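Secondary and tertiary structure notes
Given next are the chains, with one letter for each unit.
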Amino acid sequence: MDDMIALCANDIQAASAAGKISLEAQLRAYDLLEELLATPDGLENVAADDASAAFRKAYEAAAERLPELFDEAALKAEMQAALKPLKEAMNETRFEAAAAASLHEFAKATFETWQTAGIFARRRALRDLRDRAGFRLESHRIGNYVAKTYDLMNEAQSRFAKAQQKVFAADMTYKCKAEAYTGIHNVLFGRKSQE
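Attention in this report is confined to the structure presented alongside it. (Residues numbered from 1 in each chain as written. Predicted model: local features only at pLDDT ≥ 70, side-chain atom pairs only at ≥ 80, totals over all residues. Heavy atoms only, no water.)

1. Side note on the packing of helix 2 (residues 23–38) against helix 6 (residues 72–116)
- At their nearest, the axes of helix 2 and helix 6 sit 10 Å apart, and the two run at 100° to each other. Classified by the interaxial angle, the pair formed by helix 2 and helix 6 is roughly perpendicular. Only Leu-75, Glu-78 and Met-79 of helix 6 make contact with helix 2, whose side of the interface consists of Leu-23, Glu-24, Gln-26 and Leu-27.
- Partitioned by chemical class, the residues of the contact of helix 2 with helix 6 number 4 nonpolar, 1 polar and 2 charged. (Axes fitted to C-alpha atoms, helices over the stretch in contact; angles between N-to-C directions. Helix = DSSP H or I, 4+ residues; strand = E, 2+ residues; numbered from the N terminus. Parallel < 35°, antiparallel > 145°, perpendicular 65-115°, else oblique. Contact = heavy atoms within 4.5 Å. Nonpolar A, V, L, I, M, F, W, Y, C, P; charged D, E, K, R; others polar.)

Right under this line is the structure:
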């Protein structure tokens, strides 16, 4: 925890020099605050160490400027830019899942046609299914392709769900809160935020 506190102290100094808080610094501060709030029992020793003293010095030197250094819109825009490749991959898998579901529905309709229609309608339906499926279908095994397209649909939906979970896991815009450094200072040194 001392390393995180020291990093956050360095982040405050870097933000003062750069004129803004970076996304990485903001995420570190939020994570540190969460960790401090989760382990309140051991804070007596933490508040007395060198890292905490360095944090206090950096915080108090920049306390007046912290609100202007924090640009929530810029941080969220940077997070969205970082999420863009993951969202694009998720959208691709979404389209693949929709296409697989559509193919499965078409295979079911073709199977229904195969069971109830005449020979010309059956051949036309099978030819259309072959064109859409992209793989060879044997006319005497049409029922197996309903099952095969069902499996393809499930696999595509599973890939979409995994891509969606990656986006949700990587989206940390909720950590872009202005009070992170003040919260760390308050937890470490037991002071209420100044109005």
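Next, the rest of the story.
2. Points about the packing of aromatic side chains
- By the definition in use, this model includes 2 aromatic pairs.
- Measuring from ring centre to ring centre gives 5.8 Å for Tyr-30 and Tyr-174, while their planes differ by 85°; the resulting arrangement is edge-to-face. Of this pair, Tyr-30 sits in helix 2 while Tyr-174 sits in the loop between helix 8 (142–170) and helix 9 (180–189); the two residues are 144 residues apart in sequence, bridging distant segments of the chain.
- A relative accessible area of 18% places Tyr-30 in the buried class.
- A ring pair is formed by Phe-55 and Tyr-59, whose centres lie 6.1 Å apart and whose planes are at 15°; its orientation type is stacked. Here Phe-55 and its partner Tyr-59 are both found in helix 4 (residues 50–62), 4 residues apart, which amounts to about one turn of the helix. Of the two residues, Phe-55 and Tyr-59, neither departs from the other in class, the shared state being buried.
- One cation-aromatic arrangement involves Arg-122 over Trp-114; the distance from NZ or CZ to the ring centre is 4.3 Å. (Phe/Tyr/Trp six-rings, centres within 6.5 Å; stacked < 30°, edge-to-face > 60°. Buried < 20%, exposed > 50% of the residue type's maximum accessible area, 1.4 Å probe, protein only. Lys NZ or Arg CZ within 6 Å of the ring centre and 35° of its normal.)

3. Some thoughts on the nonpolar core
- Core analysis: the largest hydrophobic core is formed by 30 residues, its most contacted members being Cys-8, Ile-12, Ile-21, Phe-55, Tyr-181, Ile-184 and Leu-188.
- Sorting the residues of this core by element identifies helix 1 (2–18), helix 2, helix 4, helix 5 (66–69), helix 6 and helix 9 as the ones contributing at least two each.
- Among the elements that line this core, the one with the most residues is helix 2, at 7 residues.
- In this view, Cys-8 contacts Arg-28, Ala-29, Leu-32, Phe-55, Tyr-181 and Ile-184; residues no more than four positions away in its chain are not counted.
- In terms of nonpolar packing, the next biggest core, distinct from the first, is built from 8 residues, Ala-97, Met-153, Phe-160 and Val-167 among them. (Core = buried A, V, L, I, M, F, W, Y, C linked by side-chain atoms within 4.5 Å.)

4. Digging into the pattern of salt bridges
- Applying the stated criterion across every chain, the model contains 7 salt bridges.
- Close ionic contact of Glu-60 with Arg-56 constitutes a salt bridge, the shortest N to O distance being 3.4 Å. One end of the pair, Glu-60, and the other, Arg-56, are both in helix 4, 4 residues apart, so they sit about a helical turn from each other.
- Take Glu-60: its relative accessible area is 44%, and that puts it in the partly exposed class. (Salt bridge = Lys/Arg side-chain N within 4 Å of Asp/Glu carboxyl O.)

5. Observations concerning helix 6
- The end-to-end C-alpha distance of helix 6, which contains 45 residues, comes to 62 Å, matching closely the 66 Å that a straight helix rising 1.5 Å per residue would cover.
- At Lys-84, helix 6 is bent by approximately 45°, the largest bend along its length, and proline Pro-85 sits one to four residues beyond. (Expected span 1.5 Å × (residues − 1). Bend = angle between axes of the 7 residues up to and from the residue.)

6. Brief notes about the packing of helix 4 against helix 9
- With their axes 11 Å apart at the nearest point, helix 4 and helix 9 run at an angle of 135° to one another. Between helix 4 and helix 9, the angle is such that the two are oblique. Crossing geometry of helix 4 relative to helix 9 is assigned as left-handed. The segment helix 4 lies against helix 9, with Ser-52, Phe-55, Arg-56, Tyr-59 and Glu-60 engaging Tyr-181, Thr-182, Ile-184, His-185, Leu-188 and Phe-189.
- Of the residues assigned to the contact of helix 4 with helix 9, the class counts are 6 nonpolar, 3 polar and 2 charged. (Left-handed = near helix turned anticlockwise from the far one by under 90°.)

Distances and angles like these do not, on their own, reveal function.
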